[in-house]
Amino acid sequence: MTNWIRKLWALLGRPNGAALAFIVAGAGWFVVGTLYGLASAIHLYAPEAFQNIPWLVFSRVRPAHVNTVLYGFVTTMLIGCGLYYVPVLLRRPLWSERLAWGGWALWNVVILSGPIGFAFAYSQGREYTEYEWIFDVLVELVLLAILADLIMTIVYRREDTLYVAVWYFVGTFLWMSGTYPIGNVMWYPHTGAMPGIWDSLFLWFYGHNLPGLLLTPLAVGPLFFVVPRIARAPLYSHTLSLIGFWTLVALYTHIGGHHLLQAPIPAPVKVMAVASSMGMMIPVFVVLLNIWLTARGRGGALLHDPAGRFVITGTLWYVVTCIQGPLQSLPFVQRVTHFNNWTIGHSHIAVLGFAGFIALGTAWHVLPPITGRRLYSDKLVNLQFGLVLVGLGGFFVVLTAAGLVQGSSWNNGETVYRVLSMLPPYMWLRLASGLFIVAGAFVGLFNVLMTVWKGEPYAPPELAGEARPA
Ligand code: HEM
Ligand code: HEM
């Protein structure tokens with residue numbers, strides 16, 4: 001027995017093991033989360049389909065979908081990628097692999113509590129903060145454990161320069177470990193909520209820091225790692241990367257009020273939220289300009305690389321998301337777009353199109369050096385790219401159109417029940433588009449598992465400067 005524990009302990013201490021475990025888990029949760037999305041989409045097309053089976057009612061499968069794709073797929077996969085590229089950029093192994101493995105285990109308990117707990121109605125019933133209090137505690141422990149691991153890795157680094165990709169990854173854990181308990185109102189364990197409008201303010205403070213201080217830095221960091229490596233070019237401008245980083249911190253933290261423009265919150269909060277939402281164009285376009293200028297003249301190399309194609313397409317979805325975002329923060333635009341499928345379209349192109357595409361691209365890029373094996377199949381990566389792109393493109397067009405129909409009809413005085421009868425064709429098309437994404441998730445999981453199991457041996461290429469491995 002002690003021999004067995006010693007072997008396990010040694011195995012957990014192997015370099016990059018935890019990074020790989022996060023990526024594999026992310027690929028698995030992609031499948032589970034999108035299946036719950038499919039169930040939600042079936043509800044919206046055929047509400048009687050599941051005959052009121054309690055664990056499949058809409059109010060249970062929807063949060064299982066949202067939390068599993070958001071935290072389980074995109075966040076988990078991006079954490080795995082960061083746990084690989086940060087040590088590479090610091091030229092030393094992660095300070096403690098075992099601490100990262102501990103984080104992995106607790107994190108996956110939290111994600112699992114979604115599909116299982118919500119199915120039995122164990123939920124705080126508050127969007128994006130549905131996990132019960134005990135799981136909030138686990139999330140906080142994971143954030144702090146990984147933060148400590150990263151700080152110690154930085155302290156004992158062998159590289160003097162702290163590249164901006166490292167800043168974004170460490171920043172994520174620093175900001176989220178502070179934001180998560182506030183947004184989840186963790187000082188009220190029984191409800192995880194406060195009464196009235198105060199609760200909305202706290203919820204949406206968190207609600208937009210979730211994309212802003214979790215998904216955005218987790219997804220922007222890898223851009224600075226992957227693009228110079230595939231393009232084999234140094235980063236265009238270190239100064240621009242610093243401007244992008246600090247303006248993100250300065251502007252993103254207080255824009256949650258744009259979710260509450262119709263609610264009786266103080267007017268200055270609304271003004272600040274709308275003004276800062278417009279200001280968000282600065283960090284977004286400064287980062288994109290820097291990345292695209294790094295890749296200039298080498299776009300072909302990026303688009304021909306299966307992983308690079310995902311990452312560059314992620315930057316394009318980022319453009320669409322972040323033109324749409326500031327515009328839909330304006331009160332006169334929200335008169336048409338709020339409370340309808342337009343926002344659902346925005347959520348999908350943001351979380352899957354921007355952060356998800358970068359997560360998938362980076363994972364395909366780092367899997368060979370992590371596992372020491374070539375990808376099992378480049379063709380399957382391309383197939384996944386095609387399936388997810390077609391599905392998401394369908395989502396964007398169909399949900400945007402449905403949202404415009406809803407918003408303009410309501411503005412013209414139509415009642416909700418008459419507008420509802422116009423929606424089935426859109427909901428059917430969304431369901432059909434979703435099948436492509438679900439198929440893409442299965443293809444991805446198969447390719448990840450086969451790479452780990454059967455991939456050919458891999459020899460890393462020679463790289464220079466920022467792109468150089470440890
Ligand atoms: C320039 C930056 C952005 C701005 C100004 C912005 C603005 C907005 C606004 C105003 C809404 C609320 C729409 C409504 O309820 O009428 C919204 C919703 C949302 N945004 Fe963004 N957005 C931005 C970028 C992003 C990014 C990068 C992500 C994800 C990575 C994201 C994810 C979401 C999600 C998930 C929702 C839905 C929230 C809900 O459940 O109601 N956004 N955004
Ligand atoms: C990894 C891929 C996906 C991600 C990251 C994702 C993300 C999200 C997010 C953030 C929301 C909340 C939107 C909001 O409240 O504004 C949502 C809702 C939803 N998603 Fe997804 N989703 C994904 C895939 C899918 C798939 C494949 C389907 C269908 C087959 C689907 C169907 C739905 C449905 C039906 C809702 C509820 C919409 C409503 O309440 O009107 N999603 N998803």
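Here, the structure is the one placed above.
Topic: the overall build of the protein chain
The secondary structure content of the protein chain amounts to 17 helices and 0 strands. Against the 2.2 N^0.38 benchmark of 23 Å for 470 residues, the protein chain shows a C-alpha radius of gyration of 22 Å, consistent with a compact globule. In terms of overall dimensions, the protein chain has a C-alpha envelope of 65 × 55 × 45 Å along the principal axes. Out of the 470 residues belonging to the protein chain, those deemed buried represent 58%. Once local pairs closer than 6 in sequence are excluded, the contacts in the protein chain between residues at least 24 apart make up 84%. Total accessible area on the protein chain stands at roughly 19700 Å², and carbon and sulfur atoms take up 70% of it. When the 25 positive and 17 negative side-chain charges of the protein chain are each reduced to one mean point, those points stand 7 Å apart.

Re the packing of aromatic side chains
Under the definition given, this model contains 25 aromatic pairs. Note on Tyr-85 and Phe-169: the rings are 6.0 Å apart at their centroids and 55 degrees apart in plane angle, and the pair reads as tilted. Taken together, the positions of Tyr-85 in helix H3 (residues 58–90) and Phe-169 in helix H6 (residues 164–183) put the pair 84 residues apart, joining distant regions of the chain. The exposure class assigned to Phe-169 is buried, which follows from its relative accessible area of 0%.

Some thoughts on the site of ligand 1
In the neighbourhood of ligand 1, 25 residues make up the surrounding shell, with Glu-127, Tyr-128, His-208, His-338 and His-346 lying closest. Within the side chain of Gln-328, one N or O atom sits 3.4 Å away from a nitrogen atom of ligand 1. With respect to ligand 1, the side chain of His-338 contributes an N or O atom lying 2.6 Å from an oxygen atom. Those elements that provide at least two residues to the shell around ligand 1 are helix H7 (196–231), helix H12 (306–327) and helix H14 (341–371).

Describing the site of ligand 2
Surveying the vicinity of ligand 2 reveals 24 residues, the closest of which are Arg-62, His-65, Glu-127, Ser-347 and His-348. Here a nitrogen atom of ligand 2 and a side-chain polar atom of His-65 are 2.8 Å apart. Sorting the residues of the shell around ligand 2 by element identifies helix H2 (17–45), H3, H14 and helix H17 (424–454) as the ones contributing at least two each. In terms of residues, the shell around ligand 2 owes the most to one element, H2, which gives 7 residues.

So, the environment of Ser-177
Assignment of secondary structure puts Ser-177 in helix H6. Residues Ser-177 and Val-142, 35 residues apart in the sequence, show an inter-C-alpha distance of 9.0 Å. Among residues more than four places away in sequence, those in contact with Ser-177 are Glu-140, Leu-143, Leu-144 and Leu-147. Polar contacts involving the side chain of Ser-177 include one to the main-chain carbonyl oxygen of Phe-173, which spans 2.7 Å.

Quick word on unusual backbone geometry
Excluding glycine, residues mostly have negative phi values, and the peptide bonds linking residues are mostly trans. Unlike most non-glycine residues, Tyr-128 shows phi in positive territory, near 70 degrees. Using a relative accessible area of 17% as the deciding quantity, one classes Tyr-128 as buried. We note that Val-185 has phi near 45 degrees; this positive angle belongs to a residue other than glycine. By secondary structure assignment, the location of Val-185 is in the loop between H6 and H7. Given a relative accessible area of 0%, Val-185 falls into the buried group.

Cut-offs used in this document
All chains use their own residue numbering, which begins from 1 and follows the written sequence. Each chain gets a letter, beginning with A, and each ligand a number, beginning with 1, in the order they are written. Only residues with pLDDT of at least 70 are given local features in this predicted model, and only at 80 or more are side-chain atom pairs given and counted; all residues enter the totals for whole chains, interfaces and linings. The side-chain figures draw on all heavy atoms in the structure; neither hydrogens nor water molecules are used. Secondary structure elements follow DSSP: runs of H or I no shorter than four residues count as helices, runs of E no shorter than two count as strands, and numbering proceeds from the N terminus. Throughout, the radius of gyration refers to the C-alpha atoms, and the reference size of a globule is 2.2 Å times the residue count to the power 0.38. Burial classes follow relative accessibility: with a 1.4 Å probe on protein chains only, a residue under 20% of its type's maximum area counts as buried, one over 50% as exposed, and anything between as partly exposed. Residue contacts follow a heavy-atom distance rule, with two residues in contact if any of their heavy atoms lie within 4.5 Å. Note that accessible areas follow from Shrake-Rupley with a 1.4 Å probe, and for residues the cover is restricted to the protein chains shown. Residues counted as positive are Lys and Arg, residues counted as negative are Asp and Glu, and His and the chain ends are not counted. To locate a charge, take atom NZ for lysine, CZ for arginine, CG for aspartate or CD for glutamate. Two rings from Phe, Tyr or Trp (for Trp, the six-membered ring) form a pair when their centres are within 6.5 Å of each other. A pair whose planes differ by under 30 degrees is stacked, one over 60 is edge-to-face, and the rest are tilted. The rule for a residue being near a molecule or strand is that one of its heavy atoms must lie within 4 Å of it. Counted as a polar contact is a pair of N or O atoms within 3.5 Å, where, for protein atoms, one must be capable of donating a hydrogen and the other of accepting one, and residues adjacent in sequence contribute only when both atoms are in side chains.

Geometric values such as these leave the question of function open.
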